[in-house]
Amino acid sequence: MEFIFICLHLSPCWYTESMTVHHLNRLVFSDQIIHGCFTLRTPDAPESGNLALHVCQDPLDVMENRRRLQKDTLPLEKWCLPWQKHTATVARVTKADAGKGAFDAESSILETDGLYTTDPGLLIGVFTADCLGILLEDPTIPMVAAVHSGWKGTTQAILLRLLDALKQDELFHPETLQVYFSPSLLVHSLEVGPEVIDQVCEMAQVNRLSLEGCIHPGQADRSFLDNQLVNVRMLESQGIPPQNIHLSNLNTKTSPYGFSYRRDGHKTGEHFSCIWIEEEKPSLFLTSDSLLQQPDAHWASVLGADSCHNNEPHN
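Residues numbered from 1 in each chain as written. Predicted model: local features only at pLDDT ≥ 70, side-chain atom pairs only at ≥ 80, totals over all residues. Heavy atoms only, no water.

Caption draft 1: Region of interest: the sheet that holds strand 15 (residues 215–217). Reading across the sheet, the three strands line up as 14-16-15 and stay open at both edges, with antiparallel pairing between neighbours. Bordering the open sheet on either side are strand 14 (191–192) and strand 15, each of which pairs with just one other strand. Sheet topology note: the strand 15/strand 16 (residues 223–225) ladder contains three bridges and is antiparallel. Bridging from a neighbouring strand, Pro217 pairs with Ser223 of strand 16. (Pairing = 2+ DSSP bridges. Helix = DSSP H or I, 4+ residues; strand = E, 2+ residues; numbered from the N terminus.)

Encoded structure:
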């Protein structure tokens, strides 16, 4: 099988490696003692590498994929996962929450779409299929966080709610906070109705955000929404430097490595965006510089031609 491993040094370095052991395709970054990844579709894995127990054909297949991923992250006993419901709810978790959601969906942190922790040795994450997964980290504290923000979460400004929680706990340092965006629906694949645009505009007005470049005309009364850029505007409003915000240009609807509800319906799996703090410092450090901001031509050479891609508006 093909194993996609994207490694970030002081300057970005991408490579594709063929592996004989079973792993999941993933995008990987490290920043001193903090590590994170975004899983991708893996055709040779059960359910193409789906890791979500709440959206699956067979829970046994999902658990097999989770066992594959734990080889490259942390043991399942050290995972802590939410059961996402498109809320604006975030929660701080600790080692006392380890194992929640790792072996069954029912034990997840319920009705929650954002987690953060300062405890080493605890992996947290969110699931997405077209929605945006956002990972945040600050090695100077250290602190890690994971947020699920589809358009519903964005209209509720869940990312700002997470930043508010960090401020309340004195964990917010914009100059050292790094933010990474998962693969998601990019602007020309995220067509929404006027009711969604109204909610986005209302949220922006309440939070005094600029929406410049975030909304583009679609067919009839519909519009294309740049969900990544709206969330960038939230980060900018809180003083996070542009160089600390790492975007993705992998479109889940058009890429063969993407899980997409809009493309595949209920049979789709989900990406997993996860992050953790090491319990002990490694002997070799990797420092994140930028993530997935290369031109499409570069991505085509790394991931192969995107056979589904087109620039036509989507319903």
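Caption draft 2: Examining the environment of Ile33 more closely. Within the secondary structure, Ile33 sits in the loop between strand 3 (26–31) and strand 4 (34–39). For Ile33, a relative accessible area of 14% translates into the label buried. (Buried < 20%, exposed > 50% of the residue type's maximum accessible area, 1.4 Å probe, protein only.)

Caption draft 3: How the structure looks around the pattern of salt bridges. What the rule picks out here adds up to eleven salt bridges. The salt bridge involving Asp164 is made with Arg161; its shortest N-O contact spans 3.1 Å. Of this pair, Asp164 and Arg161 both sit in helix 3 (residues 158–168), three residues apart, which is roughly one turn of that helix. Judged by its relative accessible area of 34%, Asp164 falls in the partly exposed class. (Salt bridge = Lys/Arg side-chain N within 4 Å of Asp/Glu carboxyl O.)

Caption draft 4: View of the pairing of strand 10 (residues 123–128). Burial of strand 10 is extensive: six of the six residues sit out of reach of the surface. Burial along strand 10 is two-sided: the face carrying Leu123, Gly125 and Phe127 and the face carrying Ile124, Val126 and Thr128 are both buried. Pairing geometry for strand 5 (residues 79–80) and strand 10, over two bridges, is parallel. Directly across from Cys80, in strand 10, lies its bridge partner Ile124.

Caption draft 5: The arrangement of the sheet that holds strand 17 (residues 245–246) in detail. If you trace the six strands from one edge of the open sheet to the other, you get 7-9-12-11-13-17, paired in mixed fashion. The open sheet is flanked by strand 7 (90–92) and strand 17, the only strands paired with a single partner. Bridging between strand 9 (residues 114–117) and strand 12 (residues 143–149) involves four bridges; their strand directions are antiparallel. Counterpart to Leu115 in the pairing with strand 12 is Ala146.

Caption draft 6: Just the nonpolar core, in detail. Counting 38 residues, the largest nonpolar core has Leu136 and Leu163 as its most contacted members. Listing elements by their share of this core, those giving two or more residues are strand 11 (132–138), strand 12, helix 3, strand 13 (178–181), helix 4 (194–207) and helix 5 (227–237). The greatest single-element share of this core, amounting to seven residues, is contributed by helix 3. Look past the residues within four positions of Leu163 in its chain and what remains in contact with it is Leu136, Phe172, Leu177, Leu235, Gln238 and Ile240. With 22 residues, the next largest nonpolar core counts Ile34, Leu40, Cys80 and Ile109 among its residues. (Core = buried A, V, L, I, M, F, W, Y, C linked by side-chain atoms within 4.5 Å. Contact = heavy atoms within 4.5 Å.)

Caption draft 7: Geometry of helix 5. Within helix 5, eight of the eleven residues are buried, leaving the element largely enclosed by the surrounding structure. Within helix 5, burial applies to Asn227, Gln228, Val230, Asn231, Val232, Arg233, Met234 and Leu235. After helix 5 finishes, the residue Gly239 shows a positive phi value of roughly 85°.

Caption draft 8: Just the confidence of the model for the chain, in detail. Across the chain, the average pLDDT comes to 85, with 82% of residues at or above 70. For the stretch residues 1–21, pLDDT sits under 50, and the model shows 62 contacts to residues farther than four places along the chain or on other chains. Contacts from residues 282–315, a stretch scored under 50 in pLDDT, to residues over four places away or in other chains number 86 contacts. (pLDDT = per-residue confidence, 0-100.)

Caption draft 9: Structural view of the packing of aromatic side chains. Applying the stated criterion to the full structure yields four aromatic pairs. Ring geometry for Phe29 versus Phe38: centroids 6.2 Å apart, planes at 40°, classification tilted. Residue Phe29 shares its accessibility class with Phe38, and that shared class is buried. An aromatic cluster of three or more residues is present, and its members are Phe29, Phe38 and Tyr180. (Phe/Tyr/Trp six-rings, centres within 6.5 Å; stacked < 30°, edge-to-face > 60°.)

Caption draft 10: Molecular detail of the pairing of strand 4. Of all six residues in strand 4, six are buried, a share of seventy percent or more. Burial along strand 4 is two-sided: the residues Ile34, Gly36 and Phe38 and His35, Cys37 and Thr39 are all buried. In this structure, strand 3 lies alongside strand 4, joined through six bridges in antiparallel fashion. Looking at strand 4, one finds that Phe29 is bridged to Gly36. Between strand 3 and strand 4, which follow one another and run antiparallel, lie two residues, and Gln32 among them has a positive phi close to 60°.

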